[in-house]
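# Coordinates in review
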Amino acid sequence: MIFSNSQNLIATIASGKGWRRRILSASVLTLAIALSFILFISPAPAYATLTDDRFDGTIFALYGGNGSLVPPKVTIKDSFKRKKPVLLVFYTDDSSDCKQYAIVVSNLQEFYGREADFIPVSIDSLPAKSAPELTNPSHYYEGFVPQTVILDQSGKIVFNAKGQVPFEEVDDAFRKVFNLLPRDKSIPLKRRIVNELNTELSK
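First things first, this report covers the structure right here in the doc. (Residues numbered from 1 in each chain as written. Predicted model: local features only at pLDDT ≥ 70, side-chain atom pairs only at ≥ 80, totals over all residues. Heavy atoms only, no water.)

Within the protein chain one finds 6 helices and 4 strands. Scanning the protein chain from its N terminus toward the C terminus, one meets helices and strands in the order α-α-α-α-β-α-β-β-β-α. Residue burial in the protein chain is summarised as follows: out of 203 residues, 36% are buried. Put simply, of all contacts in the protein chain between residues at least 6 apart along the chain, 65% involve residues at least 24 apart. (Helix = DSSP H or I, 4+ residues; strand = E, 2+ residues; numbered from the N terminus. Buried < 20%, exposed > 50% of the residue type's maximum accessible area, 1.4 Å probe, protein only. Contact = heavy atoms within 4.5 Å.)

As a further point, take the pairing of strand E1 (residues 86-91). Most of E1 sits out of view: 6 of its 6 residues are buried. Residue alternation in E1 divides its side chains into two sets, Val86, Leu88 and Phe90 and Leu87, Val89 and Tyr91, and both sets are buried. Relative to strand E2 (residues 117-122), E1 runs parallel, the two being bridged by 6 bridges. Following the sheet pairing, Tyr91 is matched in E2 by Ser122. Considered for its hand, the β-α-β crossover made up of E1, helix H5 (residues 96-112) and E2 is right-handed. Judged from the 5 bridges that link them, E1 and strand E3 (residues 147-151) form a sheet pairing that is antiparallel. From the neighbouring strand, Leu88 faces E3, where its bridge partner is Val149. (Pairing = 2+ DSSP bridges. Right-handed = clockwise from strand over helix to strand, strands pointing away.)

Once that is clear, we can look at the nonpolar core. Ranked by internal contacts, the top residues of the largest apolar core, which has 28 residues, are Phe60, Leu87, Phe118, Ile150, Val170 and Phe174. Contributing elements (two or more residues each) for this core: helix H3 (59-62), E1, H5, strand E4 (157-162) and helix H6 (167-177). Among the elements that take part in this core, H5 stands out by supplying 7 residues, more than any other. If you look at the next biggest cluster of nonpolar residues, it comprises 11 residues, including Val74, Leu88, Val121 and Leu126. (Core = buried A, V, L, I, M, F, W, Y, C linked by side-chain atoms within 4.5 Å.)

To continue, consider the sheet that holds E4. Sheet architecture is open: 4 strands sit in the order E2-E1-E3-E4, paired in mixed fashion. Each edge of the sheet is formed by a strand with only one pairing partner; in this case those strands are E2 and E4. The sheet shows a mean angle of 15° between the axes of neighbouring strands, direction not considered. (Axes fitted to C-alpha atoms, helices over the stretch in contact; angles between N-to-C directions.)

Our focus in this paragraph is the pairing of E3. Of all 5 residues that make up E3, 5 are buried, and the element is covered over most of its length. In E3, alternate side chains face the same way, and those of Gln147, Val149 and Leu151 on one face and Thr148 and Ile150 on the other are all buried. Counted between consecutive antiparallel strands, the loop separating E3 from E4 contains 5 residues, among which Gly155 sits at a positive phi close to 90°.

Relative to the helices and strands, Ser79 is located in helix H4 (residues 76-82). Taking relative accessible area as the criterion, Ser79 reaches 0% and is therefore assigned buried. Of the polar contacts made by the side chain of Ser79, one reaches the side chain of Asp117; its length is 2.5 Å. Setting aside residues up to four positions removed in sequence, Ser79 forms contacts with Val74, Lys84, Val86, Asp117 and Ile119. (Polar contact = N/O pair within 3.5 Å; in protein donor to acceptor, adjacent residues only side chain to side chain.)

Glancing now at H6. Turning to H6, its buried residues number three or more, namely Phe167, Val170, Asp171, Ala173, Phe174, Arg175 and Val177. In this structure, the buried side of H6 is in contact with E1, H5, E2, E3 and E4. One or two positions beyond H6, positive phi appears at Asn179, with a value near 55°.

The next thing to look at is the environment of Phe167. Residue placement: Phe167 occurs in helix H6. According to the relative accessible area criterion, Phe167 is buried, its value standing at 3%. Spatially, the C-alpha atoms of Phe167 and Asn107 are 8.0 Å apart, while their sequence positions differ by 60 residues.

And the structure:
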């Protein structure tokens, strides 16, 4: 009986009947499982753009064209010691409003970055409760992004606005801080156009 079964097995292998079908079925099944895993289990690729709320990286480098803003080079405490004005901008990297506003912040830094300290603050880094210390960024945060706060040379809040504030509004606040002429009495500022691609603002 054993010999007979062995003969049948050898005959089946030799003829290729049955085994080829089993191998082909197993291969197709393996391929189907692999494709299902790739399509349904693996994370979808990121298709973040300027106008959506998806994360795709540091917004100041990607959309503002200025990777030098983050991480900030100074703290509020440093600015107070040097008696320099501070621009705080509260943001998240996965907010379309913050992505678009990053361009405005970069343009503002181009004009005022040497005389004022720019401190972008990711709200993900803030504690749950605001701190009482005036040198702690969470003291100024009001639960909305983007939020722009300007502190003058004495540490007093002179500008506090939520949302995408036009360049001109923040510029007017800086003009008061630095005692500059109003825009209608001085040469208009020429702003550099920054596209959505990662471009570094030239000096």
